[in-house]
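Report on the structure
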There are 2 protein chains.
Amino acid sequence: MKKLLDDPANAVVDSLAGFGLAHADVVTVHTDPPYVTRAGGRVAGKVGLVSGGGSGHEPLHAGFVGDGMLDAAVPGAVFTSPTPDQILPAVQAADAGAGVLAIVKNYTGDVLNFETAVELAEAEGVEVASVLVNDDVAVEDSLYTAGRRGVAGTVCVEKIAGAAAARGDDLSAVTAVANRVVANVRSMGVALTACTVPHVGKPSFDLGDDEIEIGIGIHGEPGRHRVPVAPAGEITRRLLDPVADDLRLQTGERVLLLVNGMGGTPLSELYVVYGRARGLLEERGVTVSRSLVGNYVTSLEMQGVSLTVLRLDDELERLWDAPVHTAALRW
Amino acid sequence: MKKLLDDPANAVVDSLAGFGLAHADVVTVHTDPPYVTRAGGRVAGKVGLVSGGGSGHEPLHAGFVGDGMLDAAVPGAVFTSPTPDQILPAVQAADAGAGVLAIVKNYTGDVLNFETAVELAEAEGVEVASVLVNDDVAVEDSLYTAGRRGVAGTVCVEKIAGAAAARGDDLSAVTAVANRVVANVRSMGVALTACTVPHVGKPSFDLGDDEIEIGIGIHGEPGRHRVPVAPAGEITRRLLDPVADDLRLQTGERVLLLVNGMGGTPLSELYVVYGRARGLLEERGVTVSRSLVGNYVTSLEMQGVSLTVLRLDDELERLWDAPVHTAALRW
């Protein structure tokens, strides 16, 4: 295993420490237990936003803590849910008197641990709502999930709910817009290579030299099928069609198109896929009015890409466009 | 070869097309010959900034076209210098009456082709100055270079000269500050894996399963030595010490620290290296007052990292902090 790490067992805390130093103007990293909050502290009267999940998907979630997005993020061990005792102080830190929305990707461990932490927080008087992100259309049920997995659509939920909270929406309104994003966002990914969890030391799965896996999960969970490597246009179609069909996209609609790298794919290839996906959407009469291309929800050094499509309306566009200042997303 | 491409021979133009569509608010992509300009067109009376070089290093250079940075960028074929007939229209497009600064990385092909294009532009009445970036301390002379190679320090030159041009400095002042950055910036990189040029189809060099190459070039040119894979702290020291020594950094100085991923390395590992490099600088009594961590000057899907240190003063800090709005850098 070749990785830029010291003790693989400390990979997450070592990385968080560097992250905190590099972005001290935006975040504060807490270490015992590990969680991340906004550097500026609570914003009085604002609904707090908390998310979290296994590490290995950076910049998700800690990279999205800051003005206009998350108030706190909770990183578990690599590909492992954070524990309730990590989540609880993050929820408490995010509470500025207007309640907290927990944004949870649909993995069984995340769901259970967030539920436990939310109960503990509520017992201490914090009002907490939750939203479950399950945008991956590849498979129903999976290695760590009952129902669909939550993947890169999470970025859309965190950005848009974050903007709603920042403009002063109350907890029920922020929760409603987060659920509206969940209802209108779908994703699907492909892996060209596997990835290696540091403390395991060998690839999570085997993929032949000429083989790719369509519908891969962000932890390397099995997808729909393995196929021979194919041109970008064909791979893009195999991702975009299920996403667009599941959304029942109609001619005349407009969308946000997120082309997300899995960590080890060059940016230049992501733009090739973006061009192809945009062409396929235009063939359907769908306009891409907002775009995001880059590594946002990764799987360590995996080579691959996921496509996320979010159906937009004026309100969602406005919230997407609202200012954001985090380590990984800024405008 | 597994890549998200259609015809490998069209990799650069396909990628540029997607890039142009995704960032139509920031850039305009020209195709015959290929070069990239600001979407808003010339800014009357402002010094124009042009850079370019082989593709495969994305987001460099096209990702840095926009307000506060470059006016035009010229992408060659992968790891191949752009031709004079590509560079000339980019220089002309960047000329808004106050002259143009060409920022050139020190590779023989880039130097010669920019020289030819500059002569042609001057013959047509455009005033052009050039600055040569040669920040890589790893080796003197190399596969494609006489003297030191230009690597990630280029981002510092483009950002700071771009800010000087944006505030209205004249050509000699913009050139002077660009040269001051060159004089105060040094870099060195390491490769954990090789990369594969699309139209070649096999890795550019061989690296053993437990071997890394210290001092690698961004085209996979040989570095200083191959060593067994080592902990991040040790690798970081082998990069940071030559950089800091070459800069003759003194206790009490302050610097910008850029930890640059080579394309295939997870962000989490870059933050581990950032933390280690910062610790080593602090041991020397040097303060890191500005930071940048991410994939900025890459080598396709190569796994590895480079460290860049720029000695700062009030003026350079102010120019670094000035607003920038490009596809890859925005604040």
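Because the structure is a prediction, the values reported are computed rather than measured.

1. Comments concerning a negative patch on the surface
All names here are of chain A. Negative charge collects at one region of the surface, where Glu115, Glu119, Glu122, Glu127 and Asp170 lie side by side. Along the chain, the position of glutamate 119 falls in helix 3 (residues 108–123). Given a relative accessible area of 55%, glutamate 119 falls into the exposed group.

2. Section: the pattern of salt bridges
Note on pairing: side chains with opposite charge can pair once their charged atoms come close. Under the definition given, this model contains 52 salt bridges over all chains. A salt bridge links aspartate 71 of chain A to lysine 46 of chain A; the shortest N-O distance between them is 2.8 Å. With aspartate 71 of chain A in the loop between strand 4 (66–67) and strand 5 (72–78) and lysine 46 of chain A in the loop between strand 2 (34–38) and strand 3 (48–55), this residue pair connects regions lying 25 residues apart in the sequence. A residue is classified by how much of its surface remains accessible, and aspartate 71 of chain A, at 6% relative accessible area, is buried. Overall, lysine 46 of chain A belongs to the buried group, its relative accessible area being 10%. With a shortest N-O distance of 2.4 Å, arginine 254 of chain B and aspartate 314 of chain B are connected by a salt bridge. On the criterion of sequence distance, the pair formed by arginine 254 of chain B in strand 11 (residues 254–261) and aspartate 314 of chain B in helix 8 (residues 314–321) is long-range, its members being 60 residues apart.

3. Structural notes on the packing of aromatic side chains
Counted by the stated rule, this structure contains six aromatic pairs over all chains. Taking 5.2 Å as the distance between ring centres and 90° as the angle between the ring planes, the aromatic pair formed by phenylalanine 19 of chain A and tyrosine 271 of chain B counts as edge-to-face. One end of the pair, phenylalanine 19 of chain A, is in helix 1 (residues 11–22); the other, tyrosine 271 of chain B, is in helix 7 (residues 267–283), on a second chain. With a relative accessible area of 5%, tyrosine 271 of chain B lands in the buried category.

4. Points about the domain arrangement of chain A
Residue and element names in this part refer to chain A. What the domain assignment reports for chain A is domain 1 (8–184 + 322–326) and domain 2 (185–318). Each of domain 1 and domain 2 has a C-alpha centre, and these two points are 22 Å apart. Across the contact, 37 residues belong to domain 1 and 40 residues belong to domain 2. Across the domain 1 to domain 2 interface the summed buried area is about 3,100 Å²; carbon plus sulfur atoms make up 62%. When the area that domain 1 buries against domain 2 is broken down by residue, the three leading residues are Phe79, Val137 and Asn184, summing to 20%. Where domain 1 packs against domain 2, one counts three salt bridges. Close ionic contact of arginine 180 with aspartate 313 constitutes a salt bridge, the shortest N to O distance being 2.5 Å. Linking domain 1 to domain 2 there are 19 residue pairs in polar contact (both at pLDDT 80 or more). Contributions of two or more residues to the side of domain 1 that touches domain 2 are made by helix 4 (153–166) and helix 5 (171–184).

5. Observations concerning the side chain of threonine 236 of chain A
Residue and element names in this part refer to chain A. With respect to the helices and strands, the residue threonine 236 is situated in helix 6 (residues 232–247). Threonine 236 gets classed as buried once you look at its relative accessible area, which sits at 1%. Once residues lying within four places of it in the same chain are set aside, the contact partners of threonine 236 are Val273, Arg276, Ala277, Leu280 and Leu307.

6. Some details on the sheet that holds strand 13 (residues 304–311) of chain A
Residue and element names in this part refer to chain A. With mixed pairing, six strands are arranged side by side in an open sheet as 10-9-8-13-11-12. The two strands at the open ends of the sheet, each matched to only one other strand, are strand 10 (225–228) and strand 12 (287–294). With direction set aside, neighbouring strand axes in the sheet form an average angle of 20°. Where strand 11 (residues 254–261) lies against strand 12, seven bridges are found, and the strand directions are parallel. Residue pairing across strands places leucine 258 opposite leucine 292, the latter belonging to strand 12. Most of the contacts of helix 5 go to strand 8 (residues 185–191), to which it runs at about 50°, and overall it touches strand 8 and strand 13. Packing against the sheet, helix 7 (residues 267–283) makes contact with strand 11, strand 12 and strand 13, and its axis sits at approximately 165° to strand 12.

7. A short note on the interface of chain B and chain A
Across the contact, 49 residues belong to chain B and 50 residues belong to chain A. Carbon and sulfur atoms supply 60% of the area that chain B and chain A bury against each other, a total of about 4,200 Å² over both sides. By the criterion of area lost to chain A, the three top residues of chain B are Lys2, Leu4 and Tyr271 of chain B, representing 22% of everything that side buries. On inspection of chain B and its partner chain A, the count reaches six salt bridges.

8. What about the relation of the copies chain B and chain A?
Of the transformation placing chain B onto chain A, the axial shift is 0.0 Å and the rotation is 180°, giving an RMSD of 0.0 Å. The transformation relating the two chain copies, once decomposed into turn and shift, fits a two-fold axis. When C-alpha distances to the rotation axis are compared across chain B, the minimum falls at glycine 264 of chain B, with a value of 2.0 Å. Both copies present the same face, since 100% of the interface residues in chain B are matched by interface residues at the equivalent positions in chain A.

9. Considering the packing of helix 2 (residues 84–94) of chain A against helix 3 of chain A
Residues and elements named next belong to chain A. Axis separation between helix 2 and helix 3 bottoms out at 8 Å; the angle between their running directions is 50°. Put simply, helix 2 runs oblique to helix 3. With respect to the hand of their crossing, helix 2 and helix 3 are arranged in right-handed fashion. Contact with helix 2, carried on its side by Pro84, Ile87, Leu88 and Val91, involves Asn113, Phe114, Thr116, Ala117, Leu120 and Ala121 of helix 3 and no other residues of that element. Of the residues assigned to the contact of helix 2 with helix 3, the class counts are eight nonpolar, two polar and no charged.

10. Quick look at the pairing of strand 1 (residues 27–31) of chain A
Residue and element names in this part refer to chain A. Here five bridges tie strand 1 to strand 2, and the two strands are oriented antiparallel to one another. Across the sheet, residue threonine 28 finds its bridge partner in strand 2, namely threonine 37. Hairpin connection between strand 1 and strand 2: a loop of two residues separates the two successive antiparallel strands.

11. Digging into unusual backbone geometry
Residues and elements named next belong to chain A. The amide bond that connects aspartate 32 to the next residue, proline 33, takes the cis arrangement and shows omega of 0°. Among the structural elements, proline 33 can be located in the loop between strand 1 and strand 2. Geometrically, the link from leucine 60 to histidine 61 is a cis peptide bond, its omega value of -10° lying close to zero. Tracing the backbone shows histidine 61 in the loop between strand 3 and strand 4. Here arginine 248, not a glycine, exhibits a phi torsion of approximately 50°, which is positive.

12. Description of the environment of alanine 93 of chain A
Residues and elements named next belong to chain A. In this structure, alanine 93 sits in helix 2. A C-alpha to C-alpha distance of 7.3 Å links alanine 93 and alanine 72, two positions 21 residues apart in sequence. In contact with alanine 93, other than residues within four places in its own chain, are Tyr35, Thr37 and Arg42.

Conventions adopted
- Residues numbered from 1 in each chain as written.
- Chains lettered and ligands numbered in written order.
- Predicted model: local features only at pLDDT ≥ 70, side-chain atom pairs only at ≥ 80, totals over all residues.
- Heavy atoms only, no water.
- Patch = residues over 30% accessible without salt bridge, like charges linked within 9 Å, V, L, I, M, F, W, Y side chains within 5 Å.
- Areas by Shrake-Rupley, 256 points an atom, 1.4 Å probe, with all protein chains shown as cover.
- Salt bridge = Lys/Arg side-chain N within 4 Å of Asp/Glu carboxyl O.
- Lys, Arg positive; Asp, Glu negative; His and termini not counted.
- Charge placed at Lys NZ, Arg CZ, Asp CG, Glu CD.
- Helix = DSSP H or I, 4+ residues; strand = E, 2+ residues; numbered from the N terminus.
- Buried < 20%, exposed > 50% of the residue type's maximum accessible area, 1.4 Å probe, protein only.
- Phe/Tyr/Trp six-rings, centres within 6.5 Å; stacked < 30°, edge-to-face > 60°.
- Domains from an automatic or database assignment.
- Contact = heavy atoms within 4.5 Å.
- Buried area = accessible area lost by both parts, 1.4 Å probe.
- Polar contact = N/O pair within 3.5 Å; in protein donor to acceptor, adjacent residues only side chain to side chain.
- Pairing = 2+ DSSP bridges.
- Axes fitted to C-alpha atoms, helices over the stretch in contact; angles between N-to-C directions.
- Least-squares fit on C-alpha atoms with pLDDT ≥ 70 in both.
- Parallel < 35°, antiparallel > 145°, perpendicular 65-115°, else oblique.
- Left-handed = near helix turned anticlockwise from the far one by under 90°.
- Nonpolar A, V, L, I, M, F, W, Y, C, P; charged D, E, K, R; others polar.

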